[in-house]
Amino acid sequence: MAIQPVILAGGTGTRLWPLSRELYPKQVIQLIGEHSLLQNTLLRVAGIPDVKPPLLVVGEEHRFMTQNQVQCLGLNNAYCILLEPVARNTAAAVCGAVAYHHVYGNSDDVLLILPADHLIRDTDAFLAAVSEAAQRASEGYLVTFGLVPSRPETGFGYIAADSHGKVECFVEKPDLATAQEYCAGGKYLWNSGMFAYLAASFLAEMQQHAPEIAESMLAAVHEGERESEHFFSFGKTAMARSPSISIDHALMERTKQAVVVRADLGWSDIGSWQTLWEVLDKDEAGNAISGDVLLSDVRNCLIRSDHSLLTAIGLEDTLVVQSADAVLVAPLSKSQEVRGMVDVLKQEKRSEYHRHRTVFRPWGSYTLLEEQPRFQIKRLSVNPGASLSLQRHRYRHEHWVVVSGVATVHNNGQDLILHEDEATHIPAGTIHRLANNEETPLELIEVQIGSYLGEDDIERFDDVYGRFKGRPQDEG
């Protein structure tokens, strides 16, 4: 039987701030090894026998970042990204993907639902568990993966099943004494958030136990729009009608058709800095170090610098993370409280919860170097063969200076070729476009001057990425 992977790549991972942001979520960050968590998930499913190109479910604002992550692996044609115009939790995300496959796919396929932000170290065990899950799913069951607990954990849900794998109950996050009892008894497994279903079996159970979600997401598929070969957007009005609830609460805790596949995968959800420290390689003093870091008398710490030299003296059991625009210092034991700090940043309307200084776009990226009331300076990196939209700004002037590469510029009706150290001025109200028609990256410095420098000061006239259909305006 064929396996249709569905990778849930939404969410922001606020507990890994300041690395993760709303516009740069946990699953796209390189935390362990040379690939991001999302890329490792894609590589893992590629090894499944008789596997189909993946479906990825993402928020609208992460569309091009996700596409870039896929294409960096060489999967240029073998994928489809399903766009959520509104966030409605995992029940709507899963139901939308299953409904999409029900309409456009093969009814005999087993849908394998996987979060994009989990670490799995034992790929062979994963493939064996998928094979068993696919067999049970083909029999009409709704399959969940239960993970053998490695410790009493109060941050996870648990599953209890009988000797035949039939789920007896789901248990919410227990207290420590109960978690210790669960681990000692051997009957209870961690609830992984990974599932396998046939589309028909899943939709029938959803119609029985969560009909409002099923009807909303089926309508969202029928009212949705295929924007290109790789993007399909769920209908916004229909999806907005769906209740916001997890797939566990909406369906898995209610259905009588749930079975569990027992698995020991070397798994972690990397849900906090503490859990990341636990799985990272460490030095002889127990420190997990990344970046330009110098330590003296430091033990059992996670120290990461993504920006500049970071030094530490006399620390123990401490978390220190430095990005270009923020520093986090806390006891590792309090790393779960980072989410509360992000809530404070939101309440104070600080940009640091939302984006990094480097922001990714379909054509490349820009990095904010300096920001003042009437001017700001950015470094633009334009990918080979890419171009920004044909556009104009009402309130700001722009000065471009090429640092490396060759820029093709359309400026007020004139076409210019700019090499290193050459520049041009874009007055406010001028229709312009920047392109990189070469096979090497283009780097330039952009100085913006004006009374208003917001990213929404952009009017597009042509865009190869289709950014016209009600989506927020943004740089380039």
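For the structure given in this document, a descriptive report is provided here. Numbering of residues starts from 1 in every chain and runs along the sequence as written. With pLDDT at 70 or above as the cut-off, local features in this predicted model cover only qualifying residues; side-chain atom pairs require 80 or more to be listed or tallied, and sums for whole chains, interfaces and linings still use all residues. The side-chain quantities take in all heavy atoms of the structure and omit both hydrogens and water.

Section: the pairing of strand 4 (residues 110-115)
Heads up, the rule is: Only protein chains enter the calculation, and the probe is 1.4 Å; a residue is then buried if its accessible area is under 20% of its type maximum, exposed if over 50%, and partly exposed in between. Secondary structure counts use DSSP, requiring at least four H or I residues in a row for a helix and at least two E residues in a row for a strand, with both numbered from the N terminus. At least two bridges found by DSSP between two strands is the condition for calling them paired.
Extensive coverage of strand 4 is indicated by the burial of six of its six residues. Going residue by residue along strand 4, you find Val110, Leu112 and Leu114 tucked away on one face and Leu111, Ile113 and Pro115 tucked away on the opposite face as well. Bridging between strand 1 (residues 3-8) and strand 4 involves six bridges; their strand directions are parallel. In the strand pairing of strand 4, Ile3 is matched with Val110. Pairing geometry for strand 4 and strand 9 (residues 188-198), over four bridges, is antiparallel.

As for the side chain of Arg21
This is how it is decided: Here a polar contact is recorded for every N or O atom pair within 3.5 Å, except that within protein the pair must consist of a potential hydrogen donor and a potential acceptor, and residues adjacent in sequence are included only if both atoms are side-chain atoms. Residue contacts follow a heavy-atom distance rule, with two residues in contact if any of their heavy atoms lie within 4.5 Å.
Inspection of the secondary structure puts Arg21 in the loop between strand 1 and helix 1 (37-46). Assessed through its relative accessible area of 1%, Arg21 is described here as buried. Separated by 2.7 Å, the side chain of Arg21 and the backbone oxygen of Pro18 make a polar contact. In this structure the side chain of Arg21 is engaged in a polar contact, spanning 2.8 Å, whose partner is the side chain of Asp325. With residues up to four places along the chain from it excluded, the contact list for Arg21 reads Thr12, Ser323, Asp325, Ala326, Glu352, Tyr353, His354, Arg355 and His356.

Here we look at the sheet that holds strand 21 (residues 364-372)
Inclusion rule: Convention adopted: a line fitted to C-alpha atoms gives each axis, helices being fitted over their contacting stretch, and angles between N-to-C directions are expressed from 0 to 180 degrees.
The antiparallel open sheet is built from six strands, whose spatial order is 20-21-22-29-24-27. Edge positions in the sheet fall to strand 20 (358-361) and strand 27 (423-426), since each of these pairs with one other strand and no more. Across the sheet, the axes of successive neighbouring strands diverge by a mean angle of 20 degrees, strand direction being ignored. Bridge count between strand 20 and strand 21: four bridges; the pairing is antiparallel. Bridged to Val359 within strand 21 is Tyr366.

Points about the pairing of strand 21
When a strand is regular, its side chains alternate between the sheet's two faces. Counting the residues between successive antiparallel strands, the hairpin from strand 20 to strand 21 contains two residues. Linking two consecutive strands that pair antiparallel, namely strand 21 and strand 22 (residues 375-382), is a turn of two residues.

Things to note about helix 1
Each turn of an α-helix holds 3.6 residues, which means side chains three or four residues apart point in the same direction. The element helix 1 is largely enclosed, with a buried count of seven among its ten residues. Of the positions making up helix 1, those classed as buried are Leu37, Leu38, Gln39, Thr41, Leu42, Arg44 and Val45. In this structure, the buried side of helix 1 is in contact with strand 1, strand 2 (55-59), helix 2 (63-71), strand 4, strand 5 (119-120) and helix 4 (123-138).

Re the nonpolar core
Rules: Here the nonpolar core consists of buried residues drawn from Ala, Val, Leu, Ile, Met, Phe, Trp, Tyr and Cys, with membership extended through side-chain atoms lying within 4.5 Å.
Leu31, Trp273, Leu276, Leu302 and Leu434 are the most contacted members of the largest nonpolar core, which totals 88 residues. Broken down by element, this core gets its largest block of residues, six residues, from helix 4. What Leu31 contacts, discounting residues up to four positions off in sequence, is Leu16, Leu19, Lys26, Leu37, Ile270, Leu276, Leu280 and Arg304.

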